[in-house]
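Chain by chain, the residues run as shown.
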Amino acid sequence: EKDFIPLSPDDDAVYDKTVNIDLGALKPLIACPHSPDNVVTVESLSGTEVNQVCIGSCTNSSLYDLLKVAALLKGRKVAEKVSLSISCGSKQTLAMLSDCGALTSIISSGARLLECACGPCIGMGFSPSTGGVSLRTFNRNFEGRSGTKDAKVYLVSPETAVAAAITGKITDPRDIFTCPRI
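Quantities reported herein were computed from a predicted structural model and do not represent experimental measurements. (Residues numbered from 1 in each chain as written. Predicted model: local features only at pLDDT ≥ 70, side-chain atom pairs only at ≥ 80, totals over all residues. Heavy atoms only, no water.)

A.B. asks: Explain the overall build of the protein chain here, please?
C.D. replies: A count of helices and strands for the protein chain gives four helices and seven strands. Starting at the N terminus, the α and β elements of the protein chain follow one another as β-β-β-α-β-α-α-β-β-β-α. For 182 residues, the compact-globule estimate of 2.2 N^0.38 gives 16 Å, and the protein chain sits close to it at 18 Å. With the C-alpha coordinates of the protein chain rotated into their principal frame, the extents come out at 60 × 40 × 30 Å. Relative to its full complement of 182 residues, the protein chain shows a buried share of 41%. Considering only residue pairs separated by 6 or more positions, the protein chain has 65% of its internal contacts joining residues 24 or more positions apart. Of the roughly 10700 Å² that the protein chain leaves accessible, carbon and sulfur atoms contribute 52%. Put simply, the protein chain has 18 plus and 19 minus side-chain charges, and the middle of one group is 10 Å from the middle of the other. (Helix = DSSP H or I, 4+ residues; strand = E, 2+ residues; numbered from the N terminus. Rg over C-alpha atoms; globule rule 2.2 N^0.38 Å. Buried < 20%, exposed > 50% of the residue type's maximum accessible area, 1.4 Å probe, protein only. Contact = heavy atoms within 4.5 Å. Areas by Shrake-Rupley, 256 points an atom, 1.4 Å probe, with all protein chains shown as cover. Lys, Arg positive; Asp, Glu negative; His and termini not counted. Charge placed at Lys NZ, Arg CZ, Asp CG, Glu CD.)

This is the structure in structure tokens:
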């Protein structure tokens, strides 16, 4: 375990309002086509068939994010009818994944590595099939942005993306994973 420095307010700190959030009550969310604001719970779309999953680009592609992805993929295979791509946020991240061995879990699962670039996020390569369902850890899902006018692009967390990649359908990650220790 690492040593952590506890954070606390100054003794004379004053607050206008306190907001308490029960983190155990939060549910994974998914942004539906064609707006990042079109959000519902993942469980409400559970079972929807998925053709493609894209993890990375500039969003959700830090070393920490991709170590989680590697841990969740370890020993598992991508569903037969799903294409999974991984786009590291930088060459440094790719090198670190390789150095620590996590890249092996990603590649062994059947994922495809893409360049450290915008690529699928801006519709330049790895576009979804016509009318296809694509889950992405990106930050935008506007109509046609993926390179396919009629694709149904959903925005999800890396955990939800991996759950869909291995089951072939939208799946609440809490139903199949426990949080890996990174």
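Having seen the structure, we can now continue with the description.
A.B. asks: How should the packing of helix H1 (residues 63-73) against helix H4 (residues 158-167) be read in this particular structure?
C.D. replies: Think of two packed helices as two axes; the pair is described by the angle between the axes and how far apart they sit. Interaxial distance between H1 and H4 falls to 10 Å at its minimum, and their mutual angle equals 30 degrees. Considered as vectors, H1 and H4 are oriented roughly parallel to each other. Crossing handedness for the pair H1 and H4: right-handed. Here H1 contributes Asp65, Lys68, Val69, Leu72 and Leu73 to the contact with H4, which in turn contributes Pro158, Glu159, Val162 and Ile166. (Axes fitted to C-alpha atoms, helices over the stretch in contact; angles between N-to-C directions. Parallel < 35°, antiparallel > 145°, perpendicular 65-115°, else oblique. Left-handed = near helix turned anticlockwise from the far one by under 90°.)

A.B. asks: How should I be thinking about the nonpolar core in this particular structure?
C.D. replies: It is characteristic of soluble globular proteins that their nonpolar side chains tend to be buried jointly. Counting 35 residues, the largest nonpolar core has Val53, Ile55, Leu84, Ile86 and Leu135 as the members making the most contacts within it. Secondary-structure elements contributing two or more residues to this core are strand E3 (52-56), H1, strand E4 (83-87), helix H3 (102-108), strand E6 (133-136) and H4. Among the elements that line this core, the one with the most residues is H4, at six residues. Each residue touching Ile55, except ones within four places of it in the same chain, is listed here: Asn60, Leu66, Val69, Leu84, Ser85, Ile86, Ser87, Thr137, Phe138, Ala161 and Val162. Counting residues in each nonpolar core, the second largest holds six residues, with Ala31, Leu114, Phe126 and Leu155 among its members. (Core = buried A, V, L, I, M, F, W, Y, C linked by side-chain atoms within 4.5 Å.)

A.B. asks: What am I meant to see in the pairing of E4 here?
C.D. replies: For a regular strand, side-chain orientation follows a simple rule: the groups alternate between the two sheet faces. Burial of E4 is extensive: four of the five residues sit out of reach of the surface. For E3 and E4, the ladder comprises five bridges, and the chain directions are parallel. Looking at the pairing, Gly56 lines up with Ser87 of E4. Handedness of the crossover is the feature at issue here: the chain leaves E3, passes through H1, returns alongside E4, and the resulting connection is right-handed. Where E4 lies against strand E5 (residues 112-114), three bridges are found, and the strand directions are parallel. For Ser85, the partnering residue across the bridge sits in E5 and is Arg112. (Pairing = 2+ DSSP bridges. Right-handed = clockwise from strand over helix to strand, strands pointing away.)

A.B. asks: When you look at the pattern of salt bridges in this model, what are you seeing that I'm missing?
C.D. replies: Tallied over the full model, the rule gives three salt bridges. The partner of Lys27 in a salt bridge is Glu43, and the shortest N-O contact between them spans 2.8 Å. Residue Lys27 is found in the segment before strand E1 (29-31), and its partner Glu43 is found in the loop between strand E2 (39-41) and E3; the two are separated by 16 residues along the sequence. The closest approach of N and O atoms between Glu159 and Lys68, which form a salt bridge, is 2.9 Å. Of this pair, Glu159 sits in helix H4 while Lys68 sits in helix H1, and the two are 91 residues apart along the sequence. Judged by relative accessible area, which is 11%, Lys68 ranks as buried. (Salt bridge = Lys/Arg side-chain N within 4 Å of Asp/Glu carboxyl O.)

A.B. asks: Got a minute to help me understand the side chain of Asp172 in this structure?
C.D. replies: Looking at the element boundaries, Asp172 is found in the segment after H4. For Asp172, a relative accessible area of 3% translates into the label buried. Side chain to side chain, Asp172 and Arg174 meet in a polar contact 2.7 Å long. With near-sequence residues (within four places) excluded, Asp172 lies in contact with Pro28, Val42 and Glu43. (Polar contact = N/O pair within 3.5 Å; in protein donor to acceptor, adjacent residues only side chain to side chain.)

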